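Coordinates in review
For reference, the chains in residue letters:
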Amino acid sequence: MDWSEMFFQDMQDIVRTLIVGTLAYIVLVLFLRISGKRTLAKLNAFDLVVTVALGSTLSAILLQESISLAEGAVALALLIFAQFLVTFFSVRSSRFAQIVRSEPTLLAKDGRFCQSALTSQRVTRDEALSVVRAQGGRDIADVQFLVLESDGSISVQLNAR
């Protein structure tokens, strides 16, 4: 292997990346503006998956010559449309919403851990306490409630001091 190929292969590849990358980015921004704020809201696990998939798709369009701009644009549109359909039906059907979205889980209440919830959600006491400390608490006794949200974040309500 020629070491120079590791750093530079062909000017045509660089020009393709610049042109297709710029156009793919513009297409993604336009699609996101059309689809609305909800597309990247990350309110639940499905939203996060779509956001990551959009980034991965944009990356593939940029770096894989076998993927044309048109194919990439269709893939981006498909992901955004799927997200739209899921949110459309979630708002209109509580049964559908239960299928695609997880419910928040109470991890601690009134200064005590809910051990069964910690175990079922695979959250350690140390991880939960780290969040408590980040919010200004010292230990679990300072917590009114601790909730693992649908998007994977942890909300903390500290006791009034």
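Residues numbered from 1 in each chain as written. Predicted model: local features only at pLDDT ≥ 70, side-chain atom pairs only at ≥ 80, totals over all residues. Heavy atoms only, no water.

1. Quick look at helix 2 (residues 11-35)
Going by this rule: Numbering of helices and strands starts at the N terminus; helices are DSSP runs of H or I of at least 4 residues and strands are runs of E of at least 2. The span expected for a helix works out to 1.5 Å for each residue beyond the first. Think of it in three bands: with a 1.4 Å probe and only protein chains considered, a residue is buried below 20% of the maximum accessible area for its type, exposed above 50%, and partly exposed in between. Should any heavy atoms of two residues lie within 4.5 Å, those residues are considered in contact. Pairs of N or O atoms within 3.5 Å make up the polar contacts considered here, provided that, within protein, one atom can donate a hydrogen while the other can accept it, and that residues adjacent in sequence are counted only when both atoms are side-chain atoms.
Here helix 2 is 25 residues long and its end C-alpha atoms lie 36 Å apart, about the 36 Å a rise of 1.5 Å per residue gives. Turning to helix 2, its buried residues are Arg16, Val20, Gly21, Ala24, Val27, Leu28 and Leu32. Residues of helix 2 that are buried sit in contact with helix 3 (45-63) and helix 4 (69-92). The opening residue of helix 2 is Asp10, an N-cap whose side-chain oxygen sits 3.1 Å from the backbone nitrogen of Gln12.

2. So, the packing of aromatic side chains
As a reminder, the rule being used: Each Phe, Tyr or Trp ring (for Trp, its six-membered ring) is paired with any other whose centre lies within 6.5 Å, and the angle between the two planes then decides the class: stacked below 30 degrees, edge-to-face above 60, tilted in between. Either the NZ atom of lysine or the CZ atom of arginine qualifies as a charge over a ring when it sits within 6 Å of the ring centre and within 35 degrees of the ring normal.
Within this structure, the stated rule accounts for four aromatic pairs. Taken together, a centroid distance of 5.9 Å and an interplanar angle of 65° make the contact between Phe89 and Phe96 edge-to-face. Judged by relative accessible area, Phe89 falls into the partly exposed class, the value being 40%. The ring of Phe88 has Arg92 sitting right over it, with the charged end atom 3.6 Å from the ring centre.

3. Observations concerning the nonpolar core
This is how it is decided: As used here, the term nonpolar core means buried Ala, Val, Leu, Ile, Met, Phe, Trp, Tyr and Cys residues forming a set that is joined through side-chain atoms within 4.5 Å.
In this structure, Leu107, Ala108, Phe113, Val123, Ile140, Val143 and Leu146 are the most contacted members of the largest nonpolar core, which totals 15 residues. Sorting the residues of this core by element identifies strand 1 (105-109), helix 6 (115-121), helix 7 (125-134), strand 3 (143-148) and strand 4 (154-158) as the ones contributing at least two each. Apart from residues no more than four positions distant in its own chain, Ala108 is found in contact with Phe113, Cys114, Ile140, Val143, Gln144, Phe145 and Leu146. Grouped together as the second largest cluster of nonpolar side chains are 12 residues, Leu28, Leu58, Ile61 and Ile80 included.

4. Observations concerning the environment of Arg101
Relative to the elements of secondary structure, Arg101 occurs in the loop between helix 5 (94-100) and strand 1. With 49 residues separating them in the primary sequence, Arg101 and Ser150 have C-alpha atoms 7.1 Å apart.

5. Concerning helix 7
Rule in force here: Note that the arc is defined by the directions from the helix axis to the C-beta atoms.
Along helix 7, the positions that sit buried rather than exposed are Ala128, Leu129 and Val132. The arc enclosing the buried residues of helix 7, seen along the axis, measures out at 100°, which places them on a common side. Exposed and oriented more than 90 degrees from the buried face of helix 7 are Asp126 and Ala134.

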